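# Summary of structural features
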Amino acid sequence: MFGRTTLPTMPLNCLKQADAGELVESLSASTAVAINDQTRDLIAIQLGGRPGAIRSLFAAAAEHGKNLDTFDRVQKAYTDEIFGGRIGRAFDAMFDRLIPGVDLRAKTLRLLGETHFAGDTGIPFAYWKKHLGLTADETGRLLGRLNCSELIRYESDVVRADANDVISADRIAARIRLEGSSRALIIGEALAANIRRAPALMARVYRRNSALGLRELLAAFDGSMVSCALIDYARFNDELKGADEEKIQKALKDDNNKIALPQIVYTANAAAFYPQLAEIADAERIAIALGTDGDGKEIAVIAAEVESKLEATLETANFWCDRLEMAAYHCGFENYKIWLIAPEGFAANALESLRDRNAYGSSRKQAALLAQILNAKTATDTAAALADEYEITVPMGEDTEMIAAHTIEDIAKRHNFPSKAINQIKTAVVEACINATEHSLSPDRKIHQKFSVDDEKIVITIANRGLRLADKAAKQVEPQEGRRGWGLKLMKGLMDDVRIEQSDDGTRITMTKFIKSL
């Protein structure tokens, strides 16, 4: 019914990495399955932010009394789930529902495996039709069902799979390989491959997260006039490199030597136009934008992030120009510009070569300044918006809550919290630590503290093992000595939000102070 009614709609996307990570932490606490920061991120990424799959993994680990605190343990539990657990059964039920008949199901699964292997290039509709042995209408209906279930993307007579959908690819591969081989051997080989893949999968995500965000930056090109120093690294290097931010901003504003940006109407990862580019760089690091130039002519901008520790060399510049020019030729772009961005800019002879080839070379600093001027939301902005996190563990007793108080005071001062708010936060932290010390009967006598600060709030988490607050007949802790032990009522009065979560073996108190309330 999507798009066929006037009813309001709500997109149901998979969780983003940060949100999936929060779900992993919550399930870890509720199931008493241990994790660490590294395995939390691996689970969130490998399972594609799918809440059901994440929950299934923790349910299986809890049932077997296994922790998920190493990559090997995560991949062992994951492989078991893919081959015969809840995740595998859920996919099998979907396959049975979408693809009628054992023979057709086997053919379809083999084609799905080939489609995942083909990557962004995809597989033509005609190839699917031929190997399924169906009519064009029957093939179209089957592909439509697979498309609606997000197993493929079917458009322009080409079938593609989501390269980031690891879990679907793994279950499809498992089904195919189990058709005629030893189950024990296949599972063993898959486990070994999954263990090897884990670091590479995380490295891929780290690279993706560090990408500038070329599509977002190019999409902000609005035909405006900007300083040439934002594009031309030679000028920026001679006049502004190393200058303070205020001087740079003033120079860019006062500069009379300006260049007209094109008016961009469409952007895409370059591999969608020319799949061969996926072989030399991550998809997020090469983009193509279409629009019009200052004369109203159609223009394509082909931009790429270039990896180089120092100024990019002539060899590097020519390598990229050769390949991007080939992409322009393949796509039939008659009027195009190549824009290369390197972390530290380009060497003098590299810039000369770029000028000869009608291309631009910039540093990442220039791109970030341009994004700031155009109000483009790039990966740099997203990274800057992420919360700063601090973690400490202190022993209980002997006034060690004052260590926590001094720590949070230094953190709050660093983030420019006013004195009144700092005192309120310190007092709340001290009270939380006192409660943990005096009432938990903790076996390890440790208090785990996490402080997370972003542009909107500070979030403080105090956790300990031992007797839970829920086990104490729910009575309010009474003051014992002066201000000590005033408990939850005082914390709630000092902070904007206080939440108490009971784990199987302890308590976690989360307190929030919003900046807008200061």
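Up top is the structure these notes are about.
A brief report on the enclosed structure follows. Since we're looking at a predicted model, the values are computed, not measured.

### Side note on the pattern of salt bridges
Summed over all chains, the structure comprises 33 salt bridges. The shortest N-O distance in the salt bridge between glutamate 284 and arginine 204 comes to 3.3 Å. Here the residue glutamate 284 occupies a position in the loop between β6 (263-269) and β7 (286-292), and arginine 204 occupies one in helix α10 (residues 183-210), the gap between them amounting to 80 residues. When its relative accessible area of 22% is taken as the criterion, arginine 204 is described as partly exposed. Among the charged side chains, a salt-bridge network with shared partners connects Glu25, Asp37, Arg40, Asp41, Glu389 and Lys450.

### Remarks on the sheet that holds strand β3 (residues 158-160)
Read from one edge to the other, the open sheet built from three strands follows the order β1-β3-β2, with strand pairing classed as antiparallel. What marks the edges here is a single partner per strand, and that holds for β1 (123-124) and β2 (153-155).

### Digging into the nonpolar core
Formed by 51 residues in total, the largest nonpolar core has its most connected members in Ile54, Leu68, Trp128 and Leu146. If one sorts the elements of this core by residue count, α10 sits on top with six residues. Not counting chain neighbours up to four residues away, the residues in contact with tryptophan 128 comprise Thr108, Leu111, Leu112, Thr115, Ile123, Thr139, Leu143, Leu146 and Val159.

### Points about helix α2 (residues 37-46)
A large share of α2 lies buried, amounting to eight of its ten residues. Lining the buried residues of α2 we find α1 (17-31), α3 (51-63), α4 (71-84), α9 (166-177) and α10. At the N-terminal end of α2, a side-chain oxygen is found 3.1 Å from the backbone nitrogen of glutamine 38, two or three residues along, and the residue is asparagine 36. Glycine 48, located one to two residues past α2, shows a positive phi value of around 65 degrees.

### Quick look at the pairing of strand β13 (residues 457-465)
A regular strand carries its side chains on alternate faces of the sheet. Buried residues dominate β13, accounting for seven of its nine residues. For strand β12 (residues 446-453) and β13, the ladder comprises six bridges, and the chain directions are antiparallel. For phenylalanine 451, the partnering residue across the bridge sits in β13 and is isoleucine 460. What sits between β12 and β13 in their antiparallel hairpin is a turn of three residues. With nine bridges connecting them, β13 and strand β15 (residues 506-514) associate as antiparallel partners. Looking at β15, one finds that isoleucine 462 is bridged to isoleucine 509.

Conventions adopted
- Residues numbered from 1 in each chain as written.
- Predicted model: local features only at pLDDT ≥ 70, side-chain atom pairs only at ≥ 80, totals over all residues.
- Heavy atoms only, no water.
- Salt bridge = Lys/Arg side-chain N within 4 Å of Asp/Glu carboxyl O.
- Helix = DSSP H or I, 4+ residues; strand = E, 2+ residues; numbered from the N terminus.
- Buried < 20%, exposed > 50% of the residue type's maximum accessible area, 1.4 Å probe, protein only.
- Pairing = 2+ DSSP bridges.
- Core = buried A, V, L, I, M, F, W, Y, C linked by side-chain atoms within 4.5 Å.
- Contact = heavy atoms within 4.5 Å.
- Polar contact = N/O pair within 3.5 Å; in protein donor to acceptor, adjacent residues only side chain to side chain.

Coordinates in, geometry out; function isn't part of it.
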